[in-house]
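What follows is each chain in one-letter form.
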Number of protein chains: 2
Amino acid sequence: MKGISILGSTGSIGRNTLRVVEHLQGQFKVVALGAGSNVDELAAQIDQFKPELVAVRDEPAAGELASKLRDHKPEIVTGEAGLVAVATHPQAEAVVSATVGAVGFVPTLRAIEAGKRVALANKETLVMAGELMTAAAARSGAEILPVDSEHNAIHQCLRGESLKEVNRLILTASGGPFRTKSKAEIESATVEEALDHPNWKMGDKISIDSATLMNKGLEVIEAKWLFGFDADRISVVVHPQSVIHSMVELVDGSIIAQLGVTDMKHAIQYALTYPERFENCLPALDFTKTSQLTFEEPDIDRFPCLALAYRALCSGGTMPAVLNAANEVAVAEFLAGKIRLVDIPKIITAVMDAHDPTAVTDLDSILAADAWARSAAGLALASGAGA
Amino acid sequence: MKGISILGSTGSIGRNTLRVVEHLQGQFKVVALGAGSNVDELAAQIDQFKPELVAVRDEPAAGELASKLRDHKPEIVTGEAGLVAVATHPQAEAVVSATVGAVGFVPTLRAIEAGKRVALANKETLVMAGELMTAAAARSGAEILPVDSEHNAIHQCLRGESLKEVNRLILTASGGPFRTKSKAEIESATVEEALDHPNWKMGDKISIDSATLMNKGLEVIEAKWLFGFDADRISVVVHPQSVIHSMVELVDGSIIAQLGVTDMKHAIQYALTYPERFENCLPALDFTKTSQLTFEEPDIDRFPCLALAYRALCSGGTMPAVLNAANEVAVAEFLAGKIRLVDIPKIITAVMDAHDPTAVTDLDSILAADAWARSAAGLALASGAGA
């Protein structure tokens, strides 16, 4: 049995990872779990999977968790150091990195430095520090396997292909809940409408990012680091049915696509078992029930976040980390009902305009840019940049 | 420069192969050409590509060709022995097998026995004698690379995959010119209507096979031999736009598809240059101009030829060769205006019903079954089995 750790075990990806572990009976042993403050669910996971180590957000959460444990009593650790301990557990061969936002950044880097296979769902990690992460992976021999359905699809399409024979990567985008809405309708969008993704059930942050197309923008940046392609060789096409999860165009014009049902368990299982494939517990895609597949150009006018991500990638250095931090702050404000959806790109633009990107030299330069951008986003909010 | 021979150089695939050779300037040298009786076109090809050897159907064609040659005067040979000489030319590393029907059978087998890479467009070769051909390839080390767009797509989808992790192959079918027609309309179909394929420009025989879906049936049999899958693991889905050229379903439910423009030059170039890919002279597939992709179950009631092919594959032995021969006779009769399109499956059924399949032990057993079926088809026609 291969040991695995999960960063973000009570989130959407974390819970699906545990379903995959159940399904692949006897292949994986959960050795460590990291969560935030959902101690009820974490306690139930501990009861079922019996990890040796668990991390929670802070001491109060640790105390609450301890009071809910039944027979199995793992070591409980807290904070970033706790997540790092989960990510680098000596018995973990693979680490599923599925925390939301920047909190997974340092633990994921440590897992990569420790040479683990990292099944990466935390896209901010590569957005903030793709250069550091890929350099660390090259040094340690760690494999980074993408769990995002799009990058997972591209990973599958690239099997057996030579990277120098690839023209471009084509990320598909569902277009989100506002694909067919007018600018006026998007301006008056509620949180509930923005969370109502047509094809995927996901966490709140990523659902909002899907509604603004920032999710696709972050994926463009992620793709650059995962596969080594520059921005001009990463395209986005809107494909509302999300049946084609992404594609690769070869130099001879051939396009290889990966299709499947819209369930994250597929990509999680693939990332854990690669290069082997195993049967899974999902229904097969039935083509005769797939009415039609359509494609559209993304509309940068209604969805400016996508253009902001390309801008950040082209600026390089610390700019993607700044984009990511400003977006996290703005999305949290939107989810809290404090700003409109259309204010999100305005706040990010204000922060990016104020940033003079510098080279990414180490962890500190990224964390400093992240902190600066969060502060700048706060100022932009206070000054009404989003209004 | 790699030497290549082309069997069927004046046909659709042959002419496209020469366009690919032109495009891949300096990579391939045409050493031998085989054609039927289109000596005008063959003379022009000789003038441009300067092969050392050419084969034509018979002595009168050879004489006519000789009278049309200008500066370059290759050796001229005739008949099946001539095609075999082209297929086994010592300087040919690759042989494009693109004759129509059973005439390419023996020359293709000889090319395989000689260890050549065979770019195979002549599907009857594998339909008639898949077992012999694949056994010969295993002995000689010859690679068989499919030029049919569907099998070429599957070959591309299988790159980097393990065959034991494949659930099934999914061949896409355009549905042909009668996809949306009623049984009554198909009964009164003219030759001209049957030749009017919606997506591909091809030779007459394959166009009629596409109209009856026999082409897809032959491809199912071909797929069995190319990739080693039984009939129950080869599916057909009607996909009228022919953008997805075929697919592979893996054990984990993932589907890998190959998409591209509908131009045979892509598959020809792939088969000649594999495992390398090179830029080609075709326009890229533009997703935003691809209005929609749709899928349907094939309708065995209106297109019984598809079911006949599955029946022949399941019967095994000499039955696929009998199916193929009866189909060739019936299609020729239809093209000559002597029977209706819907008589084709009736004649094939009558011949298959009369055949007691035996094991394929050698070339002679197949040629005997082929000859028997042609004769039986003639009898069926004379007795009005098609009426």
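As the structure is a prediction and not an experimental result, all values here were calculated from the model.

### A word on a negative patch on the surface
Residues and elements named next belong to chain A.
Okay, step 1: Together, Glu185, Glu192, Glu193 and Asp196 line one region of the surface with negative charge.
Okay, step 2: For glutamate 193, the position within the fold is in helix 9 (residues 191-195).
Okay, step 3: In this structure glutamate 193 comes out as partly exposed when scored by relative accessible area, which is 39%.

### Section: the relation of the copies chain B and chain A
Okay, step 1: Placing chain B over chain A gives an RMSD of 0.0 Å and needs a rotation angle of 180°, together with 0.0 Å of translation along the axis. In symmetry terms, the pair is related by a two-fold rotation axis. Within chain B, B:Gly160 has its C-alpha nearest the rotation axis, a separation of 2.0 Å.
Okay, step 2: In this assembly the copies share their binding face: 100% of the residues contributing to the interface of chain B also contribute to that of chain A.

### Considerations on the packing of aromatic side chains
Okay, step 1: Taken as a whole and assessed by the stated rule, the structure comprises four aromatic pairs over all chains.
Okay, step 2: Centre to centre, the rings of A:Phe295 and B:Phe287 are 5.0 Å apart; their planes meet at 55°, and the pair counts as tilted. Placement of the pair is A:Phe295 in the loop between strand 12 (292-294) and helix 13 (304-315) and B:Phe287 in the loop between helix 12 (264-273) and strand 12 (292-294), with the two residues belonging to separate chains. Per residue, the accessibility class of A:Phe295 equals that of B:Phe287, and both read buried.
Okay, step 3: Measuring from ring centre to ring centre gives 5.7 Å for B:Tyr270 and B:Tyr274, while their planes differ by 45°; the resulting arrangement is tilted.
Okay, step 4: Here A:Lys224 stacks its cationic end above the ring of A:Trp225, 5.0 Å away from the centre of that ring.

### Quick look at the pattern of salt bridges
Okay, step 1: If you walk through the whole model with that rule in mind, you get 52 salt bridges over all chains.
Okay, step 2: Two residues, A:Arg159 and B:Glu161, come together in a salt bridge whose shortest N-O distance is 3.5 Å. You can see A:Arg159 sitting in the loop between helix 7 (149-157) and strand 8 (166-173) and its partner B:Glu161 sitting in the loop between helix 7 (149-157) and strand 8 (166-173), one on each of two chains.
Okay, step 3: Residue A:Lys265 is joined to A:Asp263 by a salt bridge in which the shortest nitrogen-to-oxygen separation is 3.3 Å.
Okay, step 4: Each of A:Lys123, A:Asp148, A:Glu150, A:Lys216 and A:Glu219 takes part in salt bridges that share partners, so that together they form one network.

### A word on the sheet that holds strand 5 (residues 94-97) of chain B
Residues and elements named next belong to chain B.
Okay, step 1: An order of 4-3-2-1-5-6-7 is seen for the seven strands of this open sheet, with the pairing classed as parallel. Two strands bound the open sheet, and with one partner strand each, they are strand 4 (75-78) and strand 7 (144-146). This sheet shows a mean twist of 25° between the axes of neighbouring strands, independent of strand direction.
Okay, step 2: As judged from the six bridges shared by strand 1 (residues 2-7) and strand 2 (residues 28-34), these two strands associate in the parallel manner. Residue pairing for strand 2: isoleucine 4 is matched across the bridge by valine 30.
Okay, step 3: Relative to strand 6 (residues 117-120), helix 5 (residues 105-113) is tilted by about 145°, and along the sheet it contacts strand 1, strand 5, strand 6 and strand 7.

### Focus: the state of the cysteines
Residue and element names in this part refer to chain A.
Okay, step 1: Scanning all chains against the criterion turns up zero disulfides over all chains.
Okay, step 2: As a non-bridged cysteine, cysteine 314 has cysteine 305 as the owner of its nearest cysteine sulfur, 16 Å distant.
Okay, step 3: The class of cysteine 314 is exposed, set by a relative accessible area of 61%.

### Comments concerning the packing of helix 5 (residues 105-113) of chain A against helix 6 (residues 123-140) of chain A
Residues and elements named next belong to chain A.
Okay, step 1: Between helix 5 and helix 6, the shortest axis-to-axis distance is 8 Å and the interhelical angle comes to 15°. By the angle between their axes, helix 5 is roughly parallel relative to helix 6. In this structure, the crossing between helix 5 and helix 6 has a hand that is right-handed. The segment helix 5 lies against helix 6, with Phe105, Thr108, Leu109, Ile112 and Glu113 engaging Thr125, Met128, Ala129, Leu132, Met133, Ala136, Ala137 and Ser140.
Okay, step 2: Of the residues in the contact of helix 5 with helix 6, the class split is nine nonpolar, three polar and one charged.

### Focus on the pairing of strand 4 of chain B
Residue and element names in this part refer to chain B.
Okay, step 1: Pairing between strand 3 (residues 53-56) and strand 4: four bridges, direction parallel. In the sheet register, leucine 53 faces strand 4, and the bridge partner there is glutamate 75.
Okay, step 2: On the question of chirality, the crossover connecting strand 3 to the parallel strand 4 by way of helix 3 (residues 59-68) is right-handed.

### What about the side chain of B:Lys116?
Residues and elements named next belong to chain B.
Okay, step 1: Mapping lysine 116 onto the fold places it in the loop between helix 5 and strand 6.
Okay, step 2: Buried and unpaired, lysine 116 has glutamate 93 as its nearest opposite-charge partner, separated by 8.9 Å.
Okay, step 3: Looking at lysine 116, its side chain comes within polar contact range of the main-chain oxygen of alanine 92, at 2.8 Å.
Okay, step 4: Excluding residues that lie within four positions of it along the chain, lysine 116 makes contacts with Ala87, Thr88, His89, Pro90, Ala92, Glu93, Val95, Ala111, Ala142 and Glu143.

### Thoughts on the interface of chain B and chain A
Okay, step 1: Taken residue by residue, the interface counts 41 residues in chain B and 41 residues in chain A.
Okay, step 2: Both sides of the chain B and chain A interface together cover about 3,400 Å² of buried area, and 54% of this is carbon and sulfur.
Okay, step 3: Taken as a group, B:Asp252, B:Arg277 and B:Phe287 account for 21% of the area that chain B buries against chain A, more than any other trio of residues on that side.
Okay, step 4: Counting the contacts that link chain B with chain A gives six salt bridges.
Okay, step 5: Two residues, B:Arg277 and A:Glu161, come together in a salt bridge whose shortest N-O distance is 2.8 Å.
Okay, step 6: If you look at where chain B meets chain A, you find 22 residue pairs in polar contact (both at pLDDT 80 or more).

### Digging into the sheet that holds strand 8 of chain A
Okay, step 1: Taken together, the eight strands give an open sheet; going across it, the order is 9(A)-8(A)-10(A)-11(A)-11(B)-10(B)-8(B)-9(B), and neighbouring strands pair in mixed fashion. The open sheet has two edge strands, strand 9 (234-238) of chain A together with strand 9 (234-238) of chain B, and neither has a second partner. Neighbour to neighbour, the strand axes of the sheet diverge by 25° on average, direction disregarded.
Okay, step 2: Taken together, the five bridges between strand 10 (residues 244-250) of chain B and strand 11 (residues 255-259) of chain B define a ladder with antiparallel strand orientation. Across the sheet, residue B:Val248 finds its bridge partner in strand 11 of chain B, namely B:Ile256.

### Examining the domain arrangement of chain A
All names here are of chain A.
Okay, step 1: Each domain of chain A was delimited in the assignment, giving domain 1 (2-146) and domain 2 (316-387).
Okay, step 2: Centre-to-centre separation of domain 1 and domain 2, based on C-alpha positions: 27 Å.
Okay, step 3: On the side of domain 2, 12 residues touch domain 1, which itself brings 12 residues to the contact.
Okay, step 4: In total, about 900 Å² of surface goes out of reach between domain 1 and domain 2, with carbon and sulfur atoms giving 72% of it.
Okay, step 5: Remark: the boundary between domain 1 and domain 2 carries zero salt bridges.
Okay, step 6: Summed over the shared surface of domain 1 and domain 2, the result is zero residue pairs in polar contact (both at pLDDT 80 or more).
Okay, step 7: Here the element with the most residues in the side of domain 1 that touches domain 2 is helix 6; it accounts for six residues.
Okay, step 8: Across the side of domain 1 that touches domain 2, the residue classes tally to eight nonpolar, one polar and three charged.

### Brief notes about unusual backbone geometry
Residues and elements named next belong to chain A.
Okay, step 1: Put simply, tyrosine 274 and proline 275 share a cis peptide bond, and its omega is 5°.
Okay, step 2: As for its position among the elements, proline 275 is in the loop between helix 12 (264-273) and strand 12.
Okay, step 3: Even without being glycine, lysine 50 reaches a positive phi, approximately 50°.
Okay, step 4: Within the fold, lysine 50 resides in the loop between helix 2 (39-49) and strand 3 (53-56).
Okay, step 5: With relative accessibility at 41%, the residue lysine 50 sits in the partly exposed group.
Okay, step 6: Despite not being glycine, serine 242 shows a phi value in the positive range, around 50°.
Okay, step 7: Considering the arrangement of structural elements, one finds serine 242 in the loop between strand 9 and strand 10 (244-250).
Okay, step 8: Accessibility expressed as a relative area gives 6% for serine 242, which makes it buried.

About the criteria used
Residues numbered from 1 in each chain as written. Chains lettered and ligands numbered in written order. Predicted model: local features only at pLDDT ≥ 70, side-chain atom pairs only at ≥ 80, totals over all residues. Heavy atoms only, no water. Patch = residues over 30% accessible without salt bridge, like charges linked within 9 Å, V, L, I, M, F, W, Y side chains within 5 Å. Areas by Shrake-Rupley, 256 points an atom, 1.4 Å probe, with all protein chains shown as cover. Salt bridge = Lys/Arg side-chain N within 4 Å of Asp/Glu carboxyl O. Lys, Arg positive; Asp, Glu negative; His and termini not counted. Charge placed at Lys NZ, Arg CZ, Asp CG, Glu CD. Helix = DSSP H or I, 4+ residues; strand = E, 2+ residues; numbered from the N terminus. Buried < 20%, exposed > 50% of the residue type's maximum accessible area, 1.4 Å probe, protein only. Least-squares fit on C-alpha atoms with pLDDT ≥ 70 in both. Contact = heavy atoms within 4.5 Å. Phe/Tyr/Trp six-rings, centres within 6.5 Å; stacked < 30°, edge-to-face > 60°. Lys NZ or Arg CZ within 6 Å of the ring centre and 35° of its normal. Pairing = 2+ DSSP bridges. Axes fitted to C-alpha atoms, helices over the stretch in contact; angles between N-to-C directions. Disulfide = S-S within 2.5 Å. Parallel < 35°, antiparallel > 145°, perpendicular 65-115°, else oblique. Left-handed = near helix turned anticlockwise from the far one by under 90°. Nonpolar A, V, L, I, M, F, W, Y, C, P; charged D, E, K, R; others polar. Right-handed = clockwise from strand over helix to strand, strands pointing away. Polar contact = N/O pair within 3.5 Å; in protein donor to acceptor, adjacent residues only side chain to side chain. Buried area = accessible area lost by both parts, 1.4 Å probe. Domains from an automatic or database assignment.

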